[in-house]
Amino acid sequence: MPGTENSFLDAWSDLRDLHTPELDAHEVAKFATHHLTRSIVRDLGVSFIAPEEMPTHSQLVELMTLTPIGGYDDNAEAVKIGDRLSVWKATGPYGKLFDGVTTVRLDADVTHFELGLIPDAIEELRAAAHFLVLNFARQQVVKRPRSERKFILLEEGARLILLPGGAKALKEFYAQMGKYGAVVCTVFQQFAALECADETLRAAAFDNTKLFLVSAQPSPRAVDAICDALEISSSAKEAVKRYPLPEHQTGPKFSSFLMVAPDPRRKLVGTFRNIAAPEVVYTGASDKKVWDQRQKALLAYDDIVTGIITEARKHAVG
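Residues numbered from 1 in each chain as written. Predicted model: local features only at pLDDT ≥ 70, side-chain atom pairs only at ≥ 80, totals over all residues. Heavy atoms only, no water.

### A look at the overall build of the chain
And then number 1: Helix and strand counts for the chain stand at 16 helices and 5 strands.
And then number 2: Taking 2.2 N^0.38 as the reference for a compact globule, 318 residues should give roughly 20 Å; the C-alpha atoms of the chain span a radius of gyration of 25 Å, well beyond that estimate.
And then number 3: Its C-alpha atoms put the chain at 75 × 55 × 40 Å along the principal axes.
And then number 4: Taken across its 318 residues, the chain has 28% of its residues classed as buried.
And then number 5: Of the roughly 22,300 Å² of accessible surface on the chain, a fraction of 58% belongs to carbon and sulfur atoms.
And then number 6: Once the 37 positive and 42 negative side-chain charges of the chain are each reduced to a mean point, those two points are 6 Å apart. (Helix = DSSP H or I, 4+ residues; strand = E, 2+ residues; numbered from the N terminus. Rg over C-alpha atoms; globule rule 2.2 N^0.38 Å. Buried < 20%, exposed > 50% of the residue type's maximum accessible area, 1.4 Å probe, protein only. Areas by Shrake-Rupley, 256 points an atom, 1.4 Å probe, with all protein chains shown as cover. Lys, Arg positive; Asp, Glu negative; His and termini not counted. Charge placed at Lys NZ, Arg CZ, Asp CG, Glu CD.)

Structure (structure tokens):
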């Protein structure tokens, strides 16, 4: 393939669906046995194994704890590691996400992962779940046709970059996923998290972002830091500082945000208003009282979408 940054994976994703030409048996054998390429053949072979045929985590734990290589006395470390890994089996407290064949299809047009139900106290489970989601997202982007447009929305960028390997994964998403037809969007509740991140991550995010959306900020310092990083005028900075919060408004409520489209010739900067539909406001409300009332009200509906639309309009009228 032309270009200096293309890898074998790039060529594979482009050529895998084409008709296989006639190949020289000698060249095939040499490719399969050469020390530089035989690992590629191994990896591709594994990728063709069906999910139900793949070894499971439970099988790995059993091999390490029941039949360790060299026996219990000579390989006691394997037994100890196997015991520690047992909590990630399907029968353990964490294993349902990681052990066995998945019971949910993950190749639909839209896939949503909700990690908010994982308690903050179980940080190791949250870190592993984030790692799993990032790997799955990357896998889906790479294996689908490049002509197919993809959109990846990462809602908690600050938490992501604090996880082991999270910053590296996010940097790769911004630097590499564009050539596979993917658009990456990351939400940061506070700019300080990105400001304190590794310099290479900030560079990858800022250099590959085509559109920035800046909402009302809790402090003037945050506004100054964001606007200085985006190199926008003082008038735009003052506009952001004056954005009213929806809870401070009367009448039809809205939220303001600053749109910044970087361009070396002419940077586009302007203020927009987001007037959310009643259904969006209803589903997005997080007040505890509203949450409890909403949970009870939606139980009366067989279809959750119909319930949201009906209850939201009641709420809007009331």
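After that view of the structure, there is still more to cover.
### Describing the nonpolar core
And then number 1: Counting 19 residues, the largest nonpolar core has Ile152, Leu154, Leu170, Phe173 and Met177 as its most contacted members.
And then number 2: Where this core is concerned, the elements lending two or more residues are α7 (123-143), β1 (150-154), α8 (157-162), α9 (166-176), β2 (182-186) and α11 (199-207).
And then number 3: When residues no more than four places from it in sequence are discounted, the contact partners of Ile152 are Val141, Phe173, Ala182, Val183, Val184 and Cys185.
And then number 4: Grouped together as the second largest cluster of nonpolar side chains are 15 residues, Ala225, Cys227, Leu230 and Ile232 included. (Core = buried A, V, L, I, M, F, W, Y, C linked by side-chain atoms within 4.5 Å. Contact = heavy atoms within 4.5 Å.)

### Concerning the state of the cysteines
And then number 1: Per the counting criterion, the structure on display carries 0 disulfides.
And then number 2: Cysteine Cys185 remains unbridged, with the sulfur of Cys227 as its closest cysteine sulfur at 18 Å.
And then number 3: Free of any disulfide, Cys196 has its nearest cysteine sulfur in Cys227, 18 Å distant. (Disulfide = S-S within 2.5 Å.)

### Some remarks on the side chain of Lys237
And then number 1: With respect to the secondary-structure elements, Lys237 resides in helix α13 (residues 234-241).
And then number 2: Residue classification places Lys237 among the buried residues on the basis of a relative accessible area of 15%.
And then number 3: In this structure, Lys237 is in contact with Val223, Asp224, Cys227 and Asp228, ignoring residues within four places of it in sequence.

### Some remarks on the packing of aromatic side chains
And then number 1: According to the stated counting rule, one finds 5 aromatic pairs in the structure shown.
And then number 2: Their ring planes at 80 degrees and their centres at 5.2 Å tell us that Trp88 and Phe98 sit as a pair that is edge-to-face. Taken as a pair, Trp88 in the loop between α6 (76-85) and α7 and Phe98 in the loop between α6 and α7 lie far apart in primary sequence, 10 residues in all.
And then number 3: Seen in terms of ring centroids, Phe113 and Phe136 are 5.5 Å apart; in terms of plane orientation they differ by 75 degrees. Their pairing is edge-to-face. (Phe/Tyr/Trp six-rings, centres within 6.5 Å; stacked < 30°, edge-to-face > 60°.)

### Some points on the environment of Thr271
And then number 1: Looking at the element boundaries, Thr271 is found in strand β5 (residues 268-274).
And then number 2: Measuring from C-alpha to C-alpha, the distance between Thr271 and Ala236 comes to 8.4 Å, with 35 residues separating the pair along the chain.
And then number 3: When neighbours within four sequence positions are excluded, Thr271 is seen to be in contact with Ala239, Tyr243, Ser256, Phe257 and Leu258.
And then number 4: Looking at Thr271, its side chain comes within polar contact range of the side chain of Tyr243, at 2.7 Å. (Polar contact = N/O pair within 3.5 Å; in protein donor to acceptor, adjacent residues only side chain to side chain.)

### Brief notes about a nonpolar patch on the surface
And then number 1: A surface patch of nonpolar side chains, about 350 Å² in accessible area, is lined by Phe151, Leu153, Val183 and Val187.
And then number 2: Note that Val187 resides in the loop between β2 and α10 (191-195). (Patch = residues over 30% accessible without salt bridge, like charges linked within 9 Å, V, L, I, M, F, W, Y side chains within 5 Å. Salt bridge = Lys/Arg side-chain N within 4 Å of Asp/Glu carboxyl O.)

### Points about the sheet that holds strand β3 (residues 212-215)
And then number 1: Taken together, the 3 strands give an open sheet; going across it, the order is β3-β4-β5, and neighbouring strands pair in antiparallel fashion. Of all the strands in the sheet, the pair left with one neighbour each is β3 and β5. Going across the sheet, the axis of each strand differs from the next one's by a mean of 25 degrees, ignoring polarity.
And then number 2: Pairing analysis gives 4 bridges linking β3 to strand β4 (residues 255-261), with the strands arranged antiparallel. Looking across to β4, one finds that Phe212 is bridged to Val260. (Pairing = 2+ DSSP bridges. Axes fitted to C-alpha atoms, helices over the stretch in contact; angles between N-to-C directions.)

### Quick notes on unusual backbone geometry
Most of the time, phi is negative for any residue but glycine, and the peptide bond is trans.
And then number 1: Despite not being glycine, Glu231 has its phi angle at roughly 55 degrees, a positive value.
And then number 2: Looking at where Glu231 falls in the secondary structure, it is placed in the loop between α12 (220-230) and α13.

### Side note on the side chain of Arg144
And then number 1: Structurally, Arg144 can be placed in the loop between α7 and β1.
And then number 2: The class for Arg144 is buried, based on a relative accessible area of 17%.
And then number 3: Ignoring anything within four residues of it in the chain, the contact list for Arg144 reads Arg16, Asp107, Ala108 and Lys150.

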